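# A look at the structure
What follows is the residue order along each chain.
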Amino acid sequence: MSDPATSPSSSLPALIIGGGPAGCACALWLHKLGVNTLLIEASDRLGGLQRLSPYENLWIPGVQGRTGEAVAAALHAHIVAGGVPHRLNTAVTRVETADGFTVITKDQSFRACHLVLATGTRPAAGPFRPSPNVAIGPGHPMEALRVEGQRIAILGGGDNAFDQARFVLQRGAAKVTIFSRSRLRAQPLLQQMIPQADIRIGPYAADQDRLSVNGEPFDAFGVMYGFEAHVPHGLSVCNAKGYVEVDRHGETATPGLWACGDVTDYWHPCVTTSAAHGIQVAKQISLRLQ
Ligand SMILES: Cc1cc2nc3c(=O)[nH]c(=O)nc-3n(C[C@H](O)[C@H](O)[C@H](O)COP(=O)(O)OP(=O)(O)OC[C@H]3O[C@@H](n4cnc5c(N)ncnc54)[C@H](O)[C@@H]3O)c2cc1C
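Keep in mind that what you see is a predicted model, and the values were worked out from it rather than measured.

In this section: empty space enclosed by the protein. This model, assessed by the stated rule, comprises 2 cavities of 30 Å³ or more. By volume, the largest cavity amounts to about 40 Å³. The wall of the largest cavity is formed by Gly261, Asp262, Thr264, Asp265, Tyr266, Trp267, His268, Pro269, Thr273, Ser274 and His277. Looking at side-chain class alone, the lining of the largest cavity contains 3 nonpolar, 6 polar and 2 charged residues. In this structure, the second largest cavity encloses a volume near 30 Å³. Lining of the second largest cavity is provided by Pro123, Gly137, Pro138, Asn160, Val223, Met224, Tyr225, Gly226 and Phe227. Among the residues forming the lining of the second largest cavity, the class breakdown is 6 nonpolar, 3 polar and no charged.

Its boundaries defined by the atoms lining it, the second largest pocket holds a volume of some 340 Å³. Listed by contribution, the elements that provide at least two residues to the lining of the second largest pocket are helix H1 (21–32), helix H2 (68–81) and helix H6 (271–289). Considering only residue class, the lining of the second largest pocket consists of 15 nonpolar, 2 polar and 1 charged.

Quick look at the UniProt feature "domain: FAD/NAD(P)-binding" (unreviewed entry) in the protein chain now. Those places that UniProt annotates as "domain: FAD/NAD(P)-binding" (unreviewed entry) correspond, in this numbering, to residues 15–184. Here residues 15–184 runs as 25% helix and 26% strand, with 40 Å between its end C-alpha atoms.

Now for the sheet that holds strand S13 (residues 212–213). Read from one edge to the other, the open sheet built from 3 strands follows the order S12-S13-S14, with strand pairing classed as antiparallel. With one partner strand each, in any of the chains shown, strand S12 (206–207) and strand S14 (216–217) form the two edges of the open sheet. Pairing analysis gives 2 bridges linking S12 to S13, with the strands arranged antiparallel. Considered in S13, the bridge of Asp207 is made with Ser212.

Turning our eyes to something else, we now look at the site of the ligand. Close to the ligand lie 32 residues; Ala22, Glu41, Leu49, Asp262 and Val271 are nearest. One of the backbone N or O atoms of Asp262 is found 2.8 Å from an oxygen atom in the ligand. With respect to the ligand, the backbone of Cys270 contributes an N or O atom lying 3.3 Å from an oxygen atom. Alone, the ligand offers 1,000 Å² of accessible surface; in the complex the protein occludes 90% of this. Of all elements in the fold, only H1 and H6 reach the threshold of two or more residues within the shell around the ligand.

Split by domain assignment, the protein chain resolves into domain 1 (11–122 + 227–289) and domain 2 (125–223). Between domain 1 and domain 2, the C-alpha centre-to-centre distance is 31 Å. Contacts between the two partners involve 7 residues from domain 1 and, on the opposite side, 7 residues from domain 2. Summed over both sides, the interface of domain 1 with domain 2 buries roughly 560 Å², with 60% coming from carbon and sulfur. Run the count over domain 1 and domain 2 and you get 0 salt bridges. For the interface between domain 1 and domain 2, the tally reads 4 residue pairs in polar contact (both at pLDDT 80 or more). Its residues placed into classes, the side of domain 1 that touches domain 2 shows 4 nonpolar, 1 polar and 2 charged.

The next subject is the pairing of strand S9 (residues 151–155). Counted residue by residue, S9 has 4 buried out of 5 residues, so it is predominantly covered. Taken together, the 5 bridges between S9 and strand S10 (residues 175–180) define a ladder with parallel strand orientation. Note that in S10 the partner of Leu155 across the bridge is Phe179. At this point the chain moves from S9, through helix H4 (residues 159–170), to the parallel S10, and the crossover so formed is right-handed. Bridge count for S9 against strand S15 (residues 220–223) is 4 bridges, and the pairing is parallel. Pairing of Ile152 across the sheet is with Ala220, part of S15.

The next thing to look at is the packing of aromatic side chains. Applying the stated criterion to the full structure yields 6 aromatic pairs. With a centroid separation of 6.0 Å and 90° between ring planes, the pair formed by Phe128 and Phe221 is classed as edge-to-face. Residue Phe128 is found in the loop between strand S7 (121–123) and strand S8 (134–136), and its partner Phe221 is found in strand S15; the two are separated by 93 residues along the sequence. Given a relative accessible area of 0%, Phe221 falls into the buried group.

Let us look at the pattern of salt bridges. It is possible for side chains bearing opposite charge to pair when their charged atoms get close. Per the counting criterion, the structure on display carries 14 salt bridges. Arg129 is the salt-bridge partner of Asp209, the closest N and O atoms lying 3.1 Å from each other. With Asp209 in the loop between S12 and S13 and Arg129 in the loop between S7 and S8, this pair connects stretches of sequence that are 80 residues apart. A residue is classified by how much of its surface remains accessible, and Asp209, at 65% relative accessible area, is exposed. We note a salt bridge from Arg200 to Asp198, for which the minimum N-O separation is 2.7 Å. Of the residues examined, Arg200 reaches a relative accessible area of 28% and is grouped as partly exposed. Linked through salt bridges whose partners overlap, the residues forming this network are Lys175, Asp198, Arg200 and Glu216.

Rules behind the numbers
- Residues numbered from 1 in each chain as written.
- Predicted model: local features only at pLDDT ≥ 70, side-chain atom pairs only at ≥ 80, totals over all residues.
- Heavy atoms only, no water.
- 1 Å grid on protein atoms, 1.4 Å probe; cavity = no way out; pocket = protein on both sides within 12 Å on 5 of 7 lines; lining within 4 Å.
- Points joined across faces, edges and corners; volume = space filled by probe spheres on them.
- Nonpolar A, V, L, I, M, F, W, Y, C, P; charged D, E, K, R; others polar.
- Helix = DSSP H or I, 4+ residues; strand = E, 2+ residues; numbered from the N terminus.
- UniProt positions renumbered as here; feature names shortened; annotations may be inferred.
- Pairing = 2+ DSSP bridges.
- Near = heavy atom within 4 Å.
- Polar contact = N/O pair within 3.5 Å; in protein donor to acceptor, adjacent residues only side chain to side chain.
- Areas by Shrake-Rupley, 256 points an atom, 1.4 Å probe, with all protein chains shown as cover.
- Domains from an automatic or database assignment.
- Contact = heavy atoms within 4.5 Å.
- Buried area = accessible area lost by both parts, 1.4 Å probe.
- Salt bridge = Lys/Arg side-chain N within 4 Å of Asp/Glu carboxyl O.
- Buried < 20%, exposed > 50% of the residue type's maximum accessible area, 1.4 Å probe, protein only.
- Right-handed = clockwise from strand over helix to strand, strands pointing away.
- Phe/Tyr/Trp six-rings, centres within 6.5 Å; stacked < 30°, edge-to-face > 60°.

Structure follows, in structure tokens:
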């Protein structure tokens, strides 16, 4: 871990919350543009949601043969090698917006002139709780489910539902049933990849305690209800869908408060757009500070 040159009580020109692709790209660019900055991350590693993905990431132009976990590790290594000041295991609990920004964590607070929210999203759980037979979201939670010879219900009708149904079948599930309350949103290509899946469209009642859907028993659920934005307390910058509203530069309606990546719904969420959004914000902040 490297530390900012300033003491925590003085005001940093720029502070970034969240060390996924958006926050890492923003911090790297600010640092290289000569802006004194600090990147704060809640977990013990940088890389964001990519840390949860054991699957090959086929979608980053110019990057081949790397899993999401490897992409996350490369982001972490780049920030460390680049000497970008950062703190791990530091969750921001609250942000105050009077006279600049005060960012509050369990142990201390930081002040900044420009604050960037790069806090991303988390898998939406709906009414379900994670448990040994209920996985919330794709990646590691699903991979932890025992599926061989089991009857698996996938709840949700988007890309992740169809991807995970395919992976579960490849891992030897006896039966996979996809439940979608409304019309399927998954790409036709993903739907065509699992012609053997049993797909039910329409209202359903899923009971976590009995592990049943519409009274039919299953051995495990995979809940693929999409993602919801992760926004620290104290800020009123979200749109009706709960995402941070930004202009084309990445700035919110509060001057000096910026957001990038999946926590906004500005661009299609993925690693490349999140990183690009982080770079865009870094460039705008550096111009503003001139
Ligand atoms: C299983 C899986 C597979 C995926 N596969 C692909 C793929 O193949 N290709 C692709 O392009 N995209 C993929 N994605 C999507 C991609 O990972 C995201 O679009 C991308 O990581 C978003 O980056 P981000 O920086 O905006 O947010 P995130 O990656 O979500 O990072 C946000 C970071 O902020 C931190 N944070 C949140 N709140 C706080 C707080 N209060 N204090 C401090 N830190 C905080 C989080 O711990 C996290 O590290 C996948 C996602 C998943 C879940």
